[in-house]
Amino acid sequence: MKNRLVIFFHYDPNGQADNACLLLLRAIAGQAQRVLFVTNGTLTPPARAAVAATGAELRERPNTGFDVGAYRETLLAFGRTGLEAYGEVVLMNYPLAGPVCPLGEMFGKMEARPTLDFWGLTRHYAMKSRRFRTQYGQVPEHIQSHFLALRPRLFLAEDFWAYWQGMALPASYEESVARHEARFTRWFAERGYRWDTYVDTKDLAGVFVNPLMACPTELLAHRACPLFKRRSCFTPYADELCRTAGESAGVLYRYLKAETDYPVDALVGDLLATQPLTLLAKNLHWVLPLPAALPAAEAGQSIPVWQLEAAGALPGPLAGPLPQGLVCLYRPTAATTATGWYAARAAAWLTAPATLGAVAQCFANDPQLGLVSPALPSF
């Protein structure tokens, strides 16, 4: 194993280091001599203790410059002489999740390629973009910055330090991509440094510009990729439909549950602390079709039903502990609008005995289930 330094960038608006983050941190710690956990913000005391338990060193900094600012500050604090002790420096960040297979396999195969000056997990292919305005007039093909492994021929070179010393800190996500992620690979390649990625997706270059987001299950199941992006679960669905038929995150979720030991439901639970439920429901295709005719709820089985007087109003009993099964609906007094008409129909359907029996069965089948709601009408 190389004498490897890992700089693990992290950010959480609530100061948490969630279970998925800690799982990845423990895995990467097994492949490194030293791990620095650099967070843009301040962790809660329990989160600090959890990070310390992985063996990583915690560094807290102001939330400025995104991941670029964290990497730049940490690297310049080491300086060239401070990095001389290491055979490889890995820059990685928390949007990655996993592993779904041992990380040692990836590092072992890439160690067998000593001619590379830097390498990464996956690549993004060239594309035109109005959103990400790079100095090249387009987004060039590049290693995705969520995982970059650097070797001494690069990180001890004058070019490397000139790159970081001249880096203007980004003020937005778009600037972060344009100034660093979409620039790093080409900038060093033009200066003669050799690079590649561990996951081979060259045959997909004409199909997807971002295979890790477009077809993550393909990469995990058939191309030995050990990691995936947690953003797959909550990316804006309109963006997802621009690159796929919208099925990739749902396929990934079901694959992780059925074919791997990765605790994907725990990841989803972590994401619900910061991400809208509606985004997860859309991306993961949480659709539960209920047959038209099912047995009513069994004798002795009770499902409370609250009828709300106004849309959005919550009844007093909800302030206390929630029952295991609950039907909560708004029944309009008059169906004078299209919304009211659909709400009235949904209310009548929801309170039918057969529907209540089907809903009860959904909760019995899935302990993770917290909410069942009628699908919105498609106009």
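Residues numbered from 1 in each chain as written. Predicted model: local features only at pLDDT ≥ 70, side-chain atom pairs only at ≥ 80, totals over all residues. Heavy atoms only, no water.

(A) Layout of the overall build of the protein. Along its length, the protein carries 15 helices and 13 strands. When burial is assessed residue by residue, the protein has 46% of its 379 residues classed as buried. For the protein, the proportion of contacts with a sequence separation of at least 24, taken over those separated by at least 6, is 69%. As displayed, the protein offers around 18,500 Å² of accessible surface, 54% of which is attributable to carbon and sulfur atoms. (Helix = DSSP H or I, 4+ residues; strand = E, 2+ residues; numbered from the N terminus. Buried < 20%, exposed > 50% of the residue type's maximum accessible area, 1.4 Å probe, protein only. Contact = heavy atoms within 4.5 Å. Areas by Shrake-Rupley, 256 points an atom, 1.4 Å probe, with all protein chains shown as cover.)

(B) Highlighting the sheet that holds strand E9 (residues 147-150). Strand order in the open sheet formed by seven strands is E3-E2-E1-E4-E9-E6-E10, with mixed pairing between adjacent strands. Two strands lie at the open edges of the sheet, namely strand E3 (57-61) and strand E10 (195-197), each paired on one side alone. When strand polarity is set aside, the average angle formed by the axes of neighbouring strands in this sheet is 20 degrees. Taken together, the six bridges between strand E1 (residues 4-10) and strand E4 (residues 88-93) define a ladder with parallel strand orientation. Bridge pairing links phenylalanine 9 to asparagine 93 in E4. (Pairing = 2+ DSSP bridges. Axes fitted to C-alpha atoms, helices over the stretch in contact; angles between N-to-C directions.)

(C) View of the packing of aromatic side chains. Under the definition given, this model contains 22 aromatic pairs. On the basis of an interplanar angle of 65 degrees and a centroid distance of 6.3 Å, the ring pair of phenylalanine 9 and tyrosine 71 is categorised as edge-to-face. Placement of phenylalanine 9 in strand E1 and of tyrosine 71 in helix H3 (residues 66-83) is noted, with a sequence separation of 62 residues between them. Between phenylalanine 107 and phenylalanine 147, the aromatic rings sit 6.1 Å apart at their centres with planes inclined by 50 degrees, giving tilted as the arrangement. Taken together, the residues phenylalanine 107 in helix H4 (residues 103-111) and phenylalanine 147 in strand E9 connect sequence positions 40 residues apart. Judged on exposure class, the residue phenylalanine 107 and its partner phenylalanine 147 are both buried. These aromatic residues form a ring-pair network of at least three members: Phe118, Phe160, Trp161, Tyr163, Trp164, Phe184, Trp187, Phe188 and Tyr193. Above the plane of the ring of tryptophan 187 lies arginine 191, whose end atom (NZ or CZ) is 3.6 Å from the centre. (Phe/Tyr/Trp six-rings, centres within 6.5 Å; stacked < 30°, edge-to-face > 60°. Lys NZ or Arg CZ within 6 Å of the ring centre and 35° of its normal.)

(D) Molecular detail of H3. For H3, the principal kink sits at leucine 76 and spans about 45 degrees. All buried positions along H3 are accounted for by Asp67, Val68, Gly69, Ala70, Tyr71, Thr74, Leu75, Phe78, Gly79 and Leu83. (Bend = angle between axes of the 7 residues up to and from the residue.)

(E) The nonpolar core, seen in detail. With 53 residues, the main nonpolar core has Phe8, Leu25, Ile28, Phe37, Trp119, Leu121 and Phe147 as its most contacted residues. With six residues, helix H1 (residues 19-29) is the largest single contributor of residues to this core. Contact partners of phenylalanine 37, with chain neighbours within four places excluded, come to Phe8, His10, Ala17, Cys21, Leu25, Leu43, Val51, Ala56, Glu57, Leu58 and Arg59. Listed in part, the 31 residues of the second largest apolar core include Tyr71, Val89, Leu91 and Trp161. (Core = buried A, V, L, I, M, F, W, Y, C linked by side-chain atoms within 4.5 Å.)

(F) Representation of the pattern of salt bridges in the model. Enumeration according to the criterion identifies 22 salt bridges in this entry. Residue arginine 34 is joined to glutamate 57 by a salt bridge in which the shortest nitrogen-to-oxygen separation is 2.8 Å. Remark: glutamate 57 occurs in strand E3 and arginine 34 occurs in strand E2 (residues 34-40); sequence separation between them is 23 residues. Classification of arginine 34 by relative accessible area gives partly exposed; the value is 24%. Judged by its relative accessible area of 31%, glutamate 57 is partly exposed. For aspartate 203, the salt bridge identified is with arginine 223, shortest N-O distance 2.7 Å. (Salt bridge = Lys/Arg side-chain N within 4 Å of Asp/Glu carboxyl O.)

(G) Spotlight on the pairing of E2. Among the seven residues that make up E2, six are buried, leaving the element largely enclosed by the rest of the structure. As judged from the six bridges shared by E1 and E2, these two strands associate in the parallel manner. In the sheet register, isoleucine 7 faces E2, and the bridge partner there is leucine 36. You can see the chain leave E1, run along H1 and come back into E2, and the turn it takes is right-handed. Bridge count between E2 and E3: five bridges; the pairing is parallel. Across the sheet, residue threonine 39 finds its bridge partner in E3, namely glutamate 60. In this view, the connection linking E2 to its parallel neighbour E3 by way of helix H2 (residues 45-53) has right-handed handedness. (Right-handed = clockwise from strand over helix to strand, strands pointing away.)

(H) The arrangement of the environment of tyrosine 173 in detail. With respect to the secondary-structure elements, tyrosine 173 resides in helix H7 (residues 173-189). Sequence spacing of tyrosine 173 and phenylalanine 132 is 41 residues, and the spatial spacing of their C-alpha atoms is 9.2 Å.

(I) Summary view of the packing of H3 against helix H6 (residues 158-165). At their nearest, the axes of H3 and H6 sit 10 Å apart, and the two run at 145 degrees to each other. The handedness of the crossing between H3 and H6 is left-handed. For the pair H3 and H6, contact is made by Val68, Tyr71, Arg72, Leu75, Leu76, Gly79, Arg80 and Leu83 and by Glu158, Phe160, Trp161, Trp164 and Gln165, respectively. Among the residues making up the contact of H3 with H6, the classes are represented as eight nonpolar, two polar and three charged. (Left-handed = near helix turned anticlockwise from the far one by under 90°. Nonpolar A, V, L, I, M, F, W, Y, C, P; charged D, E, K, R; others polar.)

(J) Geometry of the confidence of the model for the protein. When pLDDT is averaged along the protein, the result is 87, and 86% of the positions lie at 70 or above. In this model residues 296-301 is a low-confidence stretch, pLDDT under 50, and it forms six contacts with partners more than four residues away in sequence or in other chains. Predicted confidence for residues 317-322 stays below pLDDT 50, and this span has four contacts to residues more than four positions away or in other chains. (pLDDT = per-residue confidence, 0-100.)

(K) Molecular detail of the side chain of asparagine 210. By the element assignment, asparagine 210 lies in the loop between E10 and helix H8 (211-214). By relative accessible area, asparagine 210 is classed as buried at 13%.

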